[in-house]
Amino acid sequence: MSPPGTFERVYASLKERLRTGAFRPGERLEPSALGDRLNSSVTPVRDALHRLTGERLVEAPRHDGFRVPLVTEIMLRHLYSWHLDLLLLATARRRRGPLTVEAAGDAPGAAPESQLERQKALFLKLAEADGNPELILALRTLAERMEPYQRLEAELLDAVQAETDSIAEAISAGDRRALRKSLIAYHRKRARLVPELIAKAQSD
C-alpha cells in the first residue's frame, strides 16, 4: 500500500496527462519509468494505474502491463453516441425554466480550450439539473475518456463559440426543442470527424 499523499499526487498527475493527451493511444505505461518521471517509487504508480484502469482511462489487456486505450473509429463513435444519449436523457427529464450557466469561455474570442471547458460545464449543468447522481457520474466519467479527442476538435472545426452559444441560449431559455436540435447537430458534426480525430491523436 502506497502512502496516501504520494498516491494522490501520482494519481492526479497521471490522470491529467491522460486527459490532456500527453500519452499516445496504445502507448505502454511502464510503472518504473513513470516512477522516475514522477519522483515516486513503483508502488504508488502501480496503484494509480490500477485505479485509472477501473476508470477506463488506462487498459491492462490480458493483465500484461498497462497502456493508454487504443481507441478505434467504431469505439469513438460509440463514445460520442453515448454522450449524446446521456445529454438527451437529462434534457428530457430536467425541470422547465431557465438554467443559469457560469462557465469559462463566455467572452468573445475565447481560446479553444476555454470553449471546451465551457462546453463541459454546460453539459454538466444539464446532468446536475436532472438530479440523478448516476447520470452525473456517467457523464463526468465519459467526458474524461473523451477529452483527449475533444481537445483536437478545435483544430478541425470552425464556429465553435457560436455552436456553444446556441446550446447555452437554449438551456437558459428552457427551450427543450432547440436544445435537443443543437445537441444532435453538435454530435453529428463530430461524428463526421472521427477518422480525422483518430489519425490526429495517433500522429501527434
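Every chain's residues receive numbers from 1 upward, in the order its sequence appears when written. Predicted model: local features are reported for residues with pLDDT of at least 70 only, side-chain atom pairs are reported and counted for 80 or more only, and whole-chain, interface and lining totals are derived from all residues. Computation of side-chain values: all heavy atoms of the structure, hydrogens and water removed.

Trainee: What should I look at first to understand the overall build of the chain in this one?
Mentor: Starting at the N terminus, helices and strands are each numbered in turn, a helix being any DSSP run of H or I of at least four residues and a strand any DSSP run of E of at least two. Check the secondary structure of the chain and you find nine helices and two strands. Walking the chain from its N terminus toward its C terminus, one meets helices and strands in the order α-β-α-α-β-α-α-α-α-α-α.

Trainee: Would you mind showing me how to read unusual backbone geometry here?
Mentor: In most cases, non-glycine residues show a negative phi, while peptide bonds are predominantly trans. Located in the positive-phi region is Asn 39, a residue other than glycine, with phi close to 55 degrees. Tracing the backbone shows Asn 39 in the loop between helix H2 (31–37) and helix H3 (42–54). The cut-offs for exposure are 20% and 50% of the maximum accessible area for each residue type, with area from a 1.4 Å probe on protein chains only; residues under the lower value are buried, those over the upper are exposed, and the others partly exposed. Residue Asn 39 is classed as exposed on the basis of its relative accessible area, which comes to 67%. Positive phi, normally seen in glycine, also occurs at Arg 56, with a value near 65 degrees. Tracing the backbone shows Arg 56 in the loop between H3 and strand S2 (66–67).

Trainee: Honestly, the confidence of the model for the chain in this entry has me stumped. Any pointers?
Mentor: On average, the chain scores 87 in pLDDT, and the residues at 70 or more come to 88%. Predicted confidence for residues 102–108 stays below pLDDT 50, and this span has 13 contacts to residues more than four positions away or in other chains. A score between 0 and 100, pLDDT records how confident the predictor is in each residue. Working rule for contacts: check all heavy atoms of both residues, and any pair within 4.5 Å makes them a contact.

Trainee: Could you clarify how one ought to interpret the pattern of salt bridges in this entry?
Mentor: Once the charged atoms of two side chains with opposite charge are near each other, the side chains can pair. When a carboxyl oxygen of Asp or Glu is within 4 Å of a side-chain nitrogen of Lys or Arg, the pair counts as a salt bridge. Scanning all chains against the criterion turns up 17 salt bridges. Taking the shortest distance from any N to any O, the salt bridge between Glu 55 and Lys 15 comes out at 3.3 Å. One end of the pair, Glu 55, is in the loop between H3 and S2; the other, Lys 15, is in helix H1 (residues 4–19), with 40 residues separating them in the sequence. Neither residue differs from the other here; Glu 55 and Lys 15 are each classed as buried. Glu 55 serves as the salt-bridge partner of Arg 51, at 3.6 Å between the closest nitrogen and oxygen. Arg 51 sits in the partly exposed class, given a relative accessible area of 36%. Given a relative accessible area of 19%, Glu 55 falls into the buried group. Within this structure, Glu 16, Arg 19, Glu 117, Lys 120, Glu 147 and Arg 151 form a network of salt bridges that share partners.

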